[in-house]
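Spelled out, the chains give:
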Amino acid sequence: MFRFFTENLALKLLSLAFAIILWFFVMGEQRHEVAHVVTVEYRNLPKGLIIANEVPDAVAVNLSGPRALLARLGPEQLSLPLDLADLKPGVTSFKRLEENLKAPGGLVVTRISPATIDIRLERKHEENR
């Protein structure tokens, strides 16, 4: 019986090491999903215009990806900048927010709430005193 365990010992140890490495690789690549709250950054507001409606400060985002990558994901790695440059007075809808989301590669956005952000820009009213 002892001979069964000691025969081809190097080959058996190599097989065991390969199985352990393969197990870690497969477990690390399993896709998981996490939820984060991401701050919306409104950038490049044109001069002379103001945001005239209530806009969300943050959105809820569900991300899917490898467990190892999601475990290291911190809120500082996620941002949602919206560029307001070249906008005219009136209502503008930002759709497909997942395209603007800045997140590490390998992650997939599965859900964003709210899905669209409507921004109404108006000219500043300057008071003469």
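Heads up: the structure comes first, above all this text.
Residues numbered from 1 in each chain as written. Predicted model: local features only at pLDDT ≥ 70, side-chain atom pairs only at ≥ 80, totals over all residues. Heavy atoms only, no water.

A. Here's a closer look at the environment of Pro 46. Tracing the backbone through its elements, the reader meets Pro 46 in the loop between strand E1 (31-43) and strand E2 (49-51). Linking Pro 46 and Leu 87, residues 41 residues apart in sequence, is a C-alpha distance of 7.2 Å. In this structure, Pro 46 is in contact with Leu 84, Asp 86 and Leu 87, ignoring residues within four places of it in sequence. (Helix = DSSP H or I, 4+ residues; strand = E, 2+ residues; numbered from the N terminus. Contact = heavy atoms within 4.5 Å.)

B. Local environment of the sheet that holds E2. Across the sheet, which stays open at both edges, the 3 strands sit in the order E2-E7-E5 with antiparallel pairing between neighbours. Every interior strand has two partners, whereas the edge strands, E2 and strand E5 (90-94), have only one. This sheet shows a mean twist of 30° between the axes of neighbouring strands, independent of strand direction. By the bridge criterion, 3 bridges tie E2 to strand E7 (residues 117-123) in an arrangement that is antiparallel. Paired with Ile 51 across the two strands is Leu 121, which belongs to E7. (Pairing = 2+ DSSP bridges. Axes fitted to C-alpha atoms, helices over the stretch in contact; angles between N-to-C directions.)

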